[in-house]
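Observations on the three-dimensional arrangement
Okay, here's what each chain looks like letter by letter:
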Amino acid sequence: MSESPKTASTLDYIPYFLPLFIALSSTYIIFTNPGWGIAVVLMFFAALAIAERTMGNDDEMTSYEHPEAFVWMLWAYFPATVLCFLGFIWTMAQYTYGNDLFGIAAIVNALSGFDMVAAHADDGLGMLLFFTLLFSNVCTAGAVSIGHELSHRTSEAVSVFMARGCALFSLFTYYAVEHPFGHHYTVGTEVDSSTALRGESVYQFFKRTTIQDYQTAWGIEKNRLDKLGKDTWSLENRLLKGYLAEATLVLLVAALAGPVGLVFFAIATFNTHFGYKAGVYGQHYGLVRKPGSSIEIHHSWGCTNKVTNWFVDGIGRHAHHHEEPETEFWKLKPYLEGPQYAKGYLQTIGMTLFPKKWNALMTPKLIEWDQKYATKEERKIAMEYNRNSGIPELEAWARENAAA
């Protein structure tokens with residue numbers, strides 16, 4: 001990494017608008033249902049996967065003289081999500097009841113001459129599933145990248161509102177409480193619901209920690225209100241306000257789109273929550289920290305892949321993010337001296353779905369972490385996890401250290 005950061009050109013800003021571009025493109029496809037929609041989406045994500053493999057890493061620092069462009073991009077994601085939801089719920093209502101929900105088709109026709117009703121006349125369950133996945137991907141990006149960055153701007157009420165607003169459409173409002181005030185204090189410990197254990201598959205991780213997320217968030221909010229001398233069961237509780245908004249949204253979906261709309265909304269919500277867990281699963285997988293000790297560079301897996309960091313707003317530079325959570329994504333440092341991902345986030349998330357491949361990839365890196373990065377106390381804890389991991393190589397590594 002060079003000592004002096006380079007000054008960003010206009011082209012350096014554009015790739016970080018990728019999530020917003022995907023959200024707006026998905027919304028366009030949902031509204032217009034072009035015949036080429038599925039093919040183009042598949043080609044786009046195939047191209048994205050290829051780009052992640054071939055475009056390499058960005059290990060340099062860049063100075064952005066107009067960071068307000070990024071802030072406006074983050075804020076723009078909320079109305080983009082609202083628009084995407086309107087398209088999604090319209091297609092569900094049109095399929096179920098054959099009506100023009102909120103007169104959206106009439107408005108579109110008046111503004112552009114485009115006939116939404118005719119474009120969606122032949123929608124079947126397969127197309128509804130396609131629209132659902134597009135909508136879900138927009139919500140996932142809103143939680144994992146956009147909402148994540150906004151939730152850390154805790155001194156800005158507008159940004160926190162936008163974070164919770166993006167999260168609302170996937171029933172994810174607890175995140176703005178649990179993540180900055182929970183995970184960032186407990187990372188690498190047994191009580192952290194965002195640290196996957198050694199040998200734990202992404203499916204086991206999802207099952208174990210999803211409810212734990214809610215429990216952690218509730219404990220955080222209860223402690224906050226107790227310190228303020230306020231009742232936990234009141235509208236001073238940020239979680240209750242979020243849950244009330246989520247319940248209202250679910251009832252609205254049921255009323256407007258019926259059982260079919262509710263089922264597809266549930267699919268979208270599940271997909272977003274699982275997508276989030278698949279993303280966070282690898283960021284601290286198998287890493288260990290003694291409770292109460294300082295959070296160091298070696299407690300996160302770093303990733304400087306260019307496409308990864310364009311797609312998730314720089315969060316691949318995870319070690320610096322945990323060292324200084326309030327640092328904006330465009331100021332994060334790569335910290336190459338810490339443990340690094342073997343691949344970009346998209347490839348890595350794909351590999352998490354296949355536990356044997358994941359273990360083959362990560363087991364040597366965990367052994368390297370034990371040898372190179374762990375403190376004496378962390379290594380002792382890690383060996384206990386190795387013994388209970390169910391992975392033969394880690395179990396053998398633990399026995400070897402016990403005999404040493």
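For the structure itself, consult the block above.
Quick summary incoming for the structure in this document. (Residues numbered from 1 in each chain as written. Predicted model: local features only at pLDDT ≥ 70, side-chain atom pairs only at ≥ 80, totals over all residues. Heavy atoms only, no water.)

Let's talk about empty space enclosed by the protein
Counted under the stated rule, the structure contains four cavities of 30 Å³ or more. Size it by volume and the largest cavity reaches roughly 130 Å³. Quantified by volume, the second largest cavity comes out at close to 90 Å³. Around the second largest cavity sit V144, H148, Y175, H179, H183, Y276, G279, V280, Q283, I315 and H318, which together line it. At the level of secondary structure, the elements contributing two or more residues to the lining of the second largest cavity comprise α7 (125-151), α9 (175-186) and α11 (238-281). Considering only residue class, the lining of the second largest cavity consists of five nonpolar, six polar and no charged. (1 Å grid on protein atoms, 1.4 Å probe; cavity = no way out; pocket = protein on both sides within 12 Å on 5 of 7 lines; lining within 4 Å. Points joined across faces, edges and corners; volume = space filled by probe spheres on them. Helix = DSSP H or I, 4+ residues; strand = E, 2+ residues; numbered from the N terminus. Nonpolar A, V, L, I, M, F, W, Y, C, P; charged D, E, K, R; others polar.)

Some details on a nonpolar patch on the surface
Residues Y28, W36, V40 and M43 make up a contiguous nonpolar surface patch of roughly 430 Å² in combined accessible area. With respect to the secondary-structure elements, M43 resides in helix α3 (residues 37-54). (Patch = residues over 30% accessible without salt bridge, like charges linked within 9 Å, V, L, I, M, F, W, Y side chains within 5 Å. Areas by Shrake-Rupley, 256 points an atom, 1.4 Å probe, with all protein chains shown as cover. Salt bridge = Lys/Arg side-chain N within 4 Å of Asp/Glu carboxyl O.)

Here we look at the state of the cysteines
The final tally for this structure, using the stated rule, is zero disulfides. No disulfide involves C84; its sulfur sits 6.8 Å from the nearest other cysteine sulfur, which is in C139. Residue C84 is classed as buried on the basis of its relative accessible area, which comes to 0%. (Disulfide = S-S within 2.5 Å. Buried < 20%, exposed > 50% of the residue type's maximum accessible area, 1.4 Å probe, protein only.)

Notes on α9
Taking burial as the measure, the 12 residues of α9 include nine buried ones, the bulk of the element. Those residues of α9 that fall on the buried side of the exposure criterion are Y175, A176, V177, E178, H179, P180, G182, H183 and H184. Check the buried side of α9 and you find it contacts α7, α8 (157-168), α10 (202-228), α11 and α13 (318-323). Residue G188 follows α9 closely and has a positive phi angle near 85°. (Contact = heavy atoms within 4.5 Å.)

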